[in-house]
Amino acid sequence: MTASRQTAPQPTNLTVRKQSRILEIEFDDGSAFSLPFELLRVYSPSAEVRGHGPGQETLQTGQRHVDIAAVEPVGNYAIKPAFSDGHDSGIFSWEYLHHLGTNQEALWEDYLRRLEAAGFTRESGRDVPMDKAVAASTGCGSHKH
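Treat the numbers as computed from the prediction; the structure is a model and nothing was measured.

(A) Seen up close, the overall build of the protein. On a plain count of helices and strands, the protein comes out with 5 helices and 6 strands. From first element to last, N terminus to C terminus, the protein shows the α and β order β-β-β-α-α-β-β-β-α-α-α. The 145 residues of the protein split such that 35% are buried. Considering only intrachain contacts with a sequence separation of at least 6, the fraction spanning at least 24 residues in the protein is 46%.

(B) The arrangement of the pattern of salt bridges in detail. Going through the model one piece at a time under the given rule, you end up with 11 salt bridges. Ionic pairing is found between Glu24 and Arg17, a salt bridge with its closest N-O pair at 3.2 Å. Salt-bridge contacts for Glu38 lead to Arg126; the nearest nitrogen and oxygen are separated by 2.6 Å. With a gap of 88 residues between them, Glu38 in helix α1 (residues 37–42) and Arg126 in the loop between α4 (104–117) and α5 (130–137) connect regions that are remote in the sequence. With a relative accessible area of 14%, Arg126 lands in the buried category. A cluster of three or more residues bridged by salt bridges with shared partners is formed by Glu38, Arg64, Glu123, Arg126 and Asp127.

(C) Broad picture of the sheet that holds strand β5 (residues 78–83). Reading across the sheet, the 3 strands line up as β4-β5-β6 and stay open at both edges, with antiparallel pairing between neighbours. In the strand order of this sheet, the two ends are held by β4 (68–74) and β6 (92–93), each with one partner. As paired strands, β5 and β6 are joined by 2 bridges and run antiparallel to one another. Bridge pairing links Ile79 to Phe92 in β6.

(D) Local environment of unusual backbone geometry. The phi angle at Arg21 is positive, at roughly 55°, despite the residue not being glycine. Following the sequence through the fold, Arg21 ends up in the loop between β1 (11–17) and β2 (22–27).

(E) View of the environment of Phe83. If you trace the backbone, Phe83 turns up in strand β5. C-alpha separation for the pair Phe83 and Ala69, spaced 14 residues apart in sequence, amounts to 5.6 Å. Look past the residues within four positions of Phe83 in its chain and what remains in contact with it is Phe37, Leu40, Arg41, Val66, Asp67, Ile68, Ala69 and Phe92.

(F) Up close: the pairing of β2. Of the pairings in the sheet, the one linking β1 to β2 comprises 6 bridges and is antiparallel in character. Opposite Val16, over in β2, you have Leu23 as the bridge partner. Connecting the antiparallel pair β1 and β2 is a turn made up of 4 residues, with Arg21 showing a positive phi of about 55°. Relative to strand β3 (residues 32–36), β2 runs antiparallel, the two being bridged by 5 bridges. Following the sheet pairing, Leu23 is matched in β3 by Leu35.

(G) Fine view of the confidence of the model for the protein. Residue-level pLDDT values for the protein average 88, and 86% of them are 70 or greater. Confidence drops under a pLDDT of 50 for residues 1–5, and excluding neighbours within four residues, the segment shows 0 contacts in the predicted structure. Here residues 135–145 is modelled with pLDDT under 50, and outside its nearest four sequence neighbours on either side it reaches 10 contacts, counting other chains as well.

Procedures and definitions
Residues numbered from 1 in each chain as written. Predicted model: local features only at pLDDT ≥ 70, side-chain atom pairs only at ≥ 80, totals over all residues. Heavy atoms only, no water. Helix = DSSP H or I, 4+ residues; strand = E, 2+ residues; numbered from the N terminus. Buried < 20%, exposed > 50% of the residue type's maximum accessible area, 1.4 Å probe, protein only. Contact = heavy atoms within 4.5 Å. Salt bridge = Lys/Arg side-chain N within 4 Å of Asp/Glu carboxyl O. Pairing = 2+ DSSP bridges. pLDDT = per-residue confidence, 0-100.

Here it is in structure tokens:
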């Protein structure tokens, strides 16, 4: 008998669709998700995006056309995508990718609401480059690309 600890669903297939900018992932629990690169980029689990604690998140803008240039495996538990804007520090665990897929609609709506709260329209914030958005919303020049 195998170990009795609860494990997150494991991927059975992962495909990067560069033309449609979608990461397709299937799990051994039967779930399958099509995750837009933009969603992955704005919800990157990196400190650059999430900050180092609650309230330190950085709203990601201008990611509508972001691509994934490469995907590197991280052990047997995650992937590390390299995005076309140079961001490559997010490690996406299988559990986190499953979470993104399961909650994709609510997460996307939350992202659009945060764009509006920052003074953008739901569409314009998806196109405004990060450096201009950060300067407009915080006046802080400390954003790292």
